[in-house]
Amino acid sequence: QVQVEESGGGLVQPGGSLRLSCVASGDTRCISALGWYRQAPGKEREQREQVAGVTEGGYTWYGDSVKGRFTISRDNAKNSVFLQMNSLKPEDTAVYYCKAGRVATQPHCVEAWGQGTLVNVSS
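Residues numbered from 1 in each chain as written. Predicted model: local features only at pLDDT ≥ 70, side-chain atom pairs only at ≥ 80, totals over all residues. Heavy atoms only, no water.

Colleague: I tried to follow the pattern of salt bridges on my own but got confused; where do I start?
Modeller: A pair can form between side chains of opposite charge whenever their charged atoms are brought close. By the definition in use, this model includes six salt bridges. A salt bridge links Lys-99 to Glu-111; the shortest N-O distance between them is 3.7 Å. With Lys-99 in strand 9 (residues 94-102) and Glu-111 in the loop between strand 9 and strand 10 (112-113), the pair connects residues that are twelve residues apart, well separated along the chain. Here the salt bridges do not stand alone but share partners, grouping Arg-38, Glu-49, Arg-69 and Asp-92 into one network. (Salt bridge = Lys/Arg side-chain N within 4 Å of Asp/Glu carboxyl O. Helix = DSSP H or I, 4+ residues; strand = E, 2+ residues; numbered from the N terminus.)

The following block contains the structure:
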């Protein structure tokens, strides 16, 4: 089973930057893509928004609202993924979650979610 843990959130002014980190542990053979999601204040878990993702081969994708401002990267050797957030806006305020996608060809593997780290963009 895979476990993931996020860190790096905090309070930042609009226009500022933060770098989030996520480290995976456990059966890391089960990990395929790594991604970041966010849940805005007052929203339910089902309303989590896809922010960014990266495959083992380095292919990346981003949600439209963060393109050009956020950058995702991963270190396969350290089972880690990062999210560099620049030009932050108040609407970026949310709890950010790291997700480890499962290897689809391995039935025993399941996706893993972290507990989240809060990013508060405010003056």
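Picking up after the structure, the text goes on.
Colleague: When you look at the sheet that holds strand 3 (residues 18-26) in this model, what are you seeing that I'm missing?
Modeller: Neighbouring strands of a sheet are bound in pairs by backbone hydrogen bonds; such pairs are parallel or else antiparallel. Across the sheet, which stays open at both edges, the four strands sit in the order 1-3-8-7 with antiparallel pairing between neighbours. Lying at the two open borders of the sheet, with one neighbouring strand each, are strand 1 (2-7) and strand 7 (70-75). Along the sheet, successive strands turn relative to each other by an average axial angle of 15 degrees, direction set aside. (Pairing = 2+ DSSP bridges. Axes fitted to C-alpha atoms, helices over the stretch in contact; angles between N-to-C directions.)

Colleague: Any chance you could explain the packing of aromatic side chains here in plain terms?
Modeller: The relation between two aromatic rings is expressed through the spacing of the ring centres and the mutual angle of the planes. Going through the model one piece at a time under the given rule, you end up with one aromatic pair. The ring of Trp-113 carries Arg-48 above its face, with NZ or CZ at 4.9 Å from the centroid. (Phe/Tyr/Trp six-rings, centres within 6.5 Å; stacked < 30°, edge-to-face > 60°. Lys NZ or Arg CZ within 6 Å of the ring centre and 35° of its normal.)

Colleague: Whenever I open this one, unusual backbone geometry confuses me. Can you help?
Modeller: Most peptide bonds take the trans form, and the phi angle of most residues other than glycine is negative. Within the chain, Asn-79 stands out as a residue other than glycine whose phi angle is a positive 50 degrees. Along the polypeptide, Asn-79 turns up in the loop between strand 7 and strand 8 (80-85). A relative accessible area of 26% places Asn-79 in the partly exposed class. For Ser-87, which is not glycine, the phi dihedral falls at a positive 50 degrees. For Ser-87, the position within the fold is in the loop between strand 8 and strand 9. (Buried < 20%, exposed > 50% of the residue type's maximum accessible area, 1.4 Å probe, protein only.)

Colleague: Help me understand the state of the cysteines in this model?
Modeller: By definition, a disulfide links the sulfur atoms of two cysteines through a covalent bond. Applying the stated criterion to the full structure yields two disulfides. In this model Cys-22 forms its disulfide with Cys-98; the gap between the sulfur atoms is 2.1 Å. What sets the handedness of the Cys-22 and Cys-98 disulfide is the S-S torsion sign, and at about -80 degrees it is left-handed. Separated by 76 residues along the polypeptide, Cys-22 in strand 3 and Cys-98 in strand 9 bring together distant segments of the chain. (Disulfide = S-S within 2.5 Å.)

Colleague: Can you help me understand the environment of Leu-83 in this one?
Modeller: Summarising the element assignment, Leu-83 is placed in strand 8. Using a relative accessible area of 0% as the deciding quantity, one classes Leu-83 as buried. Once the C-alpha coordinates of Leu-83 and Thr-117 are considered, the two residues, 34 residues apart in sequence, prove to be 12 Å apart. Beyond its immediate stretch of four places on either side in the chain, Leu-83 contacts Leu-18, Arg-19, Leu-20, Trp-36, Val-51, Ala-52, Phe-70, Thr-71, Ile-72 and Tyr-96. (Contact = heavy atoms within 4.5 Å.)

Colleague: Explanation requested: the side chain of Asp-27 in the structure shown.
Modeller: Note that Asp-27 resides in the loop between strand 3 and strand 4 (31-39). When near neighbours in sequence (up to four residues on either side) are disregarded, Asp-27 contacts Gln-1, Val-2 and His-108.

Colleague: Please clarify how the nonpolar core should be interpreted in this entry.
Modeller: Looking at soluble globular proteins, one finds that nonpolar side chains tend to be buried together. One finds Trp-36, Leu-83, Met-85 and Tyr-96 to be the most contacted residues of the largest nonpolar core, which totals 29 residues. Mapped onto this core, the elements with two or more residues apiece are strand 1, strand 3, strand 4, strand 5 (49-54), strand 7, strand 8, strand 9 and strand 11 (117-121). (Core = buried A, V, L, I, M, F, W, Y, C linked by side-chain atoms within 4.5 Å.)

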